[in-house]
Amino acid sequence: MILIKENRCDFCGTCVAVCPVDAIELREADISIIHETCIDCDICIWVCPIDVLSSDNKPEDKND
Amino acid sequence: MTDYDVIVVGGGPAGSMAAHAAASKGLKTIMLEKDRDIGYPVRCGEAVSDEGLRQFMEPRPEWIAATISKIRMRSPNNTEIDFRSPGSGYILHRRIFDYALANRASQAGVEIQTRAYVDGLIIEDDVVCGVHYQYMGEPRSLRAKLVIAADGVESRVGRMAGIRSAIKLRDIESGYQVTVGNIDIDQEMIDFYVGSNWAPGGYLWVFPKGDRMANIGLGVNGTLSKDYNSHDLIHNFLKEQYPQATVLTSVCGGVPIAQTLKRITGNGIMLTGDAARMVNPVSGGGIVSGMHAGKIAGEVSAEALAAGDVSIKGLEEYPKRWRKAGGKNHEALHRISETIYDISDEQLDRIALRLSKTKEQDRTLLKIFTTVAREKPRILLDVTRAFAGL
């Protein structure tokens, strides 16, 4: 499952642009993952410029 | 019943140009901006050529932070190559510039609504007929004959209309940028750093902003972003190169360097600017291409409404004119970007060394390409095809 450090987010939309299944909901200062849609491909985690996103089932990721 | 002829979603340069063009043709137009400000936050290197800007308007001094006459590039081992700028260019104050474009649109009759977050489209019989949006948490709807989506890298509105716009990792740069004060740089020079130590699969820029300030940023290619963090790269760079500089603003963002979407229209909708993937895939510049495409979209709106046909067929002049104006060139640039993407650090250093041995006045675009071609012969084919318009 993708986790979000919400108070770290800059709301830049880079993760939204790469999500292949439209599973990221981003409003002006409000971000959430639609877990039913998410396929856990993790590319949002990689592309985020400031490591806001992480995965709870892959502790080896750069975000821990 | 419609509230407007045209709804433009997004108040950046592409949106303001589209709205201005539509209103200038007599269309009742509203532009919705999700943020509380037009032109802020600035997610951009803010560089633009004089020639590019002048196609639309006379550059005004209050938009311009610095006027550029020189270019410096640095290879991974810090070999410096200086070039004279082929034409003059500017580093803009995007905050002021975007304001001016929106103000210009409003003077042509465009209504503007900030804090308007579009969260759905009204679609009837497969035709986009308006938008649902939130204004300060309150749901609202507006109907229109046409919607122009200029909503940036996220390109959500296009997706709501069924136009697939998700970007492949290869086609995005994960970026971070700062505006710094207390920095001593040549205020007429733009400075680029290439190579994996500075910005893996992208470049780092130092652009002057006047008054001992600079816009410094970088993009890491999406395919390499798993192992690199652009925030950390910028701060390491500052620590090493400009330890005295003070960060005044910092912001992150993604730059789409993809090919323009195959489909930039739907029934009742046109996509423009970053949302349609119109950024130059080599330079990462998207201000002028967005303005150009936005203007075309606004003009085509008027023609389509006059003809009473907002279907994909009725809007076909938009992709046609965009292709002629810049789209064809864009495809060639995307091919070039694919070729230069995997040039190694050693190759970059060799190219820089060869160029550094030439006289500065001999460093023409042709000389650069022939030097790069010694390392990457494929680029000759790409450039030949680009010039032949293939």
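That block above? That's the structure.
Let me begin by describing the structure that accompanies this report. (Residues numbered from 1 in each chain as written. Chains lettered and ligands numbered in written order. Predicted model: local features only at pLDDT ≥ 70, side-chain atom pairs only at ≥ 80, totals over all residues. Heavy atoms only, no water.)

1. Quick word on the nonpolar core
Residue and element names in this part refer to chain B. Residues Ile7, Val131 and Tyr318 are the most contacted members of the largest nonpolar core, which totals 49 residues. Take this core: its biggest share by element is seven residues, from helix H6 (residues 287-307). Ignoring sequence-local partners within four residues, the contact set of Ile7 consists of Ile30, Leu32, Gly130, Val131, Leu142, Arg143, Ala144, Leu146, Val147 and Ile148. In terms of nonpolar packing, the next biggest core, distinct from the first, is built from 40 residues, Val178, Trp198, Ile216 and Cys252 among them. (Core = buried A, V, L, I, M, F, W, Y, C linked by side-chain atoms within 4.5 Å. Buried < 20%, exposed > 50% of the residue type's maximum accessible area, 1.4 Å probe, protein only. Helix = DSSP H or I, 4+ residues; strand = E, 2+ residues; numbered from the N terminus. Contact = heavy atoms within 4.5 Å.)

2. Examining the interface of chain B and chain A
Between chain B and chain A, the contact holds 31 residues from the first and 23 residues from the second. Roughly 2200 Å² of surface becomes buried between chain B and chain A when both sides are summed, with 52% attributable to carbon and sulfur atoms. Applying the counting rule to chain B against chain A returns three salt bridges. Notably, a salt bridge pairs Arg43 of chain B with Asp10 of chain A, separated by 4.0 Å at the nearest N-O pair. Where chain B meets chain A, there are 11 residue pairs in polar contact (both at pLDDT 80 or more). Its residues assigned to classes, the side of chain B that touches chain A shows 10 nonpolar, 11 polar and 10 charged. (Buried area = accessible area lost by both parts, 1.4 Å probe. Salt bridge = Lys/Arg side-chain N within 4 Å of Asp/Glu carboxyl O. Polar contact = N/O pair within 3.5 Å; in protein donor to acceptor, adjacent residues only side chain to side chain. Nonpolar A, V, L, I, M, F, W, Y, C, P; charged D, E, K, R; others polar.)

3. Overview of unusual backbone geometry
The phi torsion of most residues other than glycine is negative, and most of the peptide bonds are trans. Residues and elements named next belong to chain B. Note that the residue after Tyr40, namely Pro41, is joined by a cis bond; omega there is 0 degrees. Note that Pro41 resides in the loop between strand S2 (29-32) and strand S3 (47-49). At Asp211, a position not held by glycine, the phi torsion is positive, near 50 degrees. One can find Asp211 in the loop between strand S12 (203-208) and strand S13 (214-221). Its identity is not glycine, yet Arg277 carries a phi of approximately 65 degrees, on the positive side. Classification of Arg277 as buried rests on a relative accessible area of 1%.

4. Notes on the pattern of salt bridges
Residues and elements named next belong to chain B. All chains considered together, the criterion is met by 30 salt bridges over all chains. One salt bridge connects Asp5 with Lys145, and the closest N-O pair in it is separated by 3.0 Å. Note that Asp5 is positioned in strand S1 (residues 4-9) and Lys145 in strand S9 (residues 138-149), a separation of 140 residues in sequence. For Lys34, the salt bridge goes to Asp35, with nearest N and O atoms at 3.6 Å. Of the residues examined, Asp35 reaches a relative accessible area of 13% and is grouped as buried. Residues participating in the shared-partner salt-bridge network are Arg72, Arg74, Glu80, Asp82 and Asp191.

So far we have only geometry, and geometry alone does not tell us how the molecule works.
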